[in-house]
Amino acid sequence: MIKFAFGAAAAALALAVPAIAPAQQLPAGVVGVVDSQRILEGCTVCVQANQQLEAQQAALRQRATQLGLVSAAPNTPSTLEAEAQAIQAAVNALAQGQQPDAALQARAQTFQTNLTNAQREVQTQEQQIRRNQAFVLQQIQQRVAPAVAQVAQQRGATVVLEASNIAWNSPAVDLTPAVVAIVNQNTTPLNVNAPPPQ
């Protein structure tokens, strides 16, 4: 009886399978290509934002030099490096077993405080610049993605690939100029100052 029930279930399943509608066939793929680098270079507000980010980095380098962390000239020690070397030379000049005097100890303590504060300030600014870069990239993606989708739809592309991942493509499938044109219609500048982390 168990064999009969199992056999009947298998027969019913066999009869039911042909009744299931076949899956819809996928359409033929139409490939489009975009070059992200050319989009960034052709996007007016992207270029402006990049210039502002570069200015932030230059200001940070200048500030690091002012704080003595970075040398102002090649092959010369920074202000803090020179101070560390001078303190070390003074310590090395002490007779064996002799302790540094109060002035040298105060000098070493001041150096350590200045170094710690400078490193903290520069690190904080570096983190802010990284957040700013990520924030700008997020805004660019929010502008580019709909433009890519719009151009792909207009041109009948079902798949869009990044040019840097392709060995070669025909210029006929390059959607980049049309994407740049759409992105450049929005002239609102990108915000290069990320909101504080939450």
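The structure we're discussing is the one just above.
Because the structure is a prediction, the values reported are computed rather than measured.

The rules behind the values
Residues numbered from 1 in each chain as written. Predicted model: local features only at pLDDT ≥ 70, side-chain atom pairs only at ≥ 80, totals over all residues. Heavy atoms only, no water. Helix = DSSP H or I, 4+ residues; strand = E, 2+ residues; numbered from the N terminus. Buried < 20%, exposed > 50% of the residue type's maximum accessible area, 1.4 Å probe, protein only. Areas by Shrake-Rupley, 256 points an atom, 1.4 Å probe, with all protein chains shown as cover. Disulfide = S-S within 2.5 Å. Axes fitted to C-alpha atoms, helices over the stretch in contact; angles between N-to-C directions. Parallel < 35°, antiparallel > 145°, perpendicular 65-115°, else oblique. Left-handed = near helix turned anticlockwise from the far one by under 90°. Contact = heavy atoms within 4.5 Å. Nonpolar A, V, L, I, M, F, W, Y, C, P; charged D, E, K, R; others polar. Polar contact = N/O pair within 3.5 Å; in protein donor to acceptor, adjacent residues only side chain to side chain. Lys, Arg positive; Asp, Glu negative; His and termini not counted. Salt bridge = Lys/Arg side-chain N within 4 Å of Asp/Glu carboxyl O. Patch = residues over 30% accessible without salt bridge, like charges linked within 9 Å, V, L, I, M, F, W, Y side chains within 5 Å. Expected span 1.5 Å × (residues − 1). Core = buried A, V, L, I, M, F, W, Y, C linked by side-chain atoms within 4.5 Å.

**Observations regarding the overall build of the protein chain**
Scanning the protein chain from terminus to terminus reveals 6 helices and 2 strands. Listed by position from the N terminus, the elements making up the protein chain come as α-β-α-α-α-α-β-α. The buried share among the 198 residues of the protein chain stands at 23%. Here the protein chain displays about 13,700 Å² of accessible surface, and carbon together with sulfur accounts for 59% of that area.

**Digging into the state of the cysteines**
A disulfide bridge is the covalent bond that connects two cysteines by way of their sulfur atoms. What the rule picks out here adds up to 1 disulfide. A sulfur-sulfur separation of 2.2 Å characterises the disulfide bridge that pairs cysteine 43 with cysteine 46. In this structure the cystine formed by cysteine 43 and cysteine 46 twists about its S-S bond by roughly 70 degrees; its chirality is therefore right-handed. Across this residue pair, the class does not change: cysteine 43 and cysteine 46 are buried.

**Considering the packing of helix α4 (residues 79–92) against helix α5 (residues 102–155)**
The contact between α4 and α5 brings their axes to 11 Å, and the two run at 155 degrees. When the interaxial angle is binned, α4 and α5 end up roughly antiparallel. Relative to α5, α4 is oriented so that their crossing is left-handed. Between α4, through Leu80, Glu83, Ala84, Ala86, Ile87, Ala90 and Val91, and α5, the contact on the second element is made entirely by Leu104, Arg107, Ala108, Phe111, Asn114, Leu115 and Ala118. By residue class, the composition of the contact of α4 with α5 is 11 nonpolar, 1 polar and 2 charged.

**Brief notes about the side chain of serine 78**
Assignment of secondary structure puts serine 78 in the loop between α3 (44–66) and α4. Residue classification places serine 78 among the buried residues on the basis of a relative accessible area of 2%. Looking at serine 78, its side chain comes within polar contact range of the main-chain oxygen of glycine 68, at 2.8 Å. If we skip the residues at most four places from it in the chain, serine 78 touches Gly68, Leu69, Val70 and Ser71.

**Details of the side chain of arginine 143**
With respect to the helices and strands, arginine 143 occurs in helix α5. For the buried arginine 143, no salt bridge exists, and the shortest N-O distance to an oppositely charged side chain is 18 Å, to glutamate 162. Other than its neighbours up to four places away in sequence, arginine 143 contacts Val45, Val183, Asn186, Thr188, Pro189 and Leu190.

**Here's the deal with the pattern of salt bridges**
Overall, the coordinates contain 3 salt bridges when judged by the stated rule. When the shortest N-O distance is used, the salt bridge between glutamate 121 and arginine 63 registers 2.6 Å. One end of the pair, glutamate 121, is in helix α5; the other, arginine 63, is in helix α3, with 58 residues separating them in the sequence.

**Focus on a nonpolar patch on the surface**
A surface patch of nonpolar side chains, about 210 Å² in accessible area, is lined by Val31, Val159 and Leu161. With respect to the secondary-structure elements, leucine 161 resides in strand β2 (residues 159–162).

**Here we look at α5**
Along an α-helix, residues three or four positions apart point the same way, because every turn accommodates 3.6 residues. In this model α5 runs 78 Å from its N-terminal to its C-terminal C-alpha over 54 residues, within 8% of the 80 Å that 1.5 Å per residue would give. Phi for glycine 156, located one or two positions after α5, is positive at around 80 degrees.

**Considerations on the nonpolar core**
The nonpolar side chains of soluble globular proteins are, as a tendency, buried together. If you look at the biggest cluster of nonpolar residues, it comprises 22 residues, and the most contacted ones within it are Val136, Val144, Val179 and Leu190. Here valine 136 is in contact with Ala49, Leu53, Leu190, Asn191 and Val192, once residues within four sequence places are set aside. In terms of nonpolar packing, the next biggest core, distinct from the first, is built from 6 residues, Leu80, Leu104, Phe111 and Ala118 among them.

Keep in mind that these numbers describe shape and distance, not what the molecule does.
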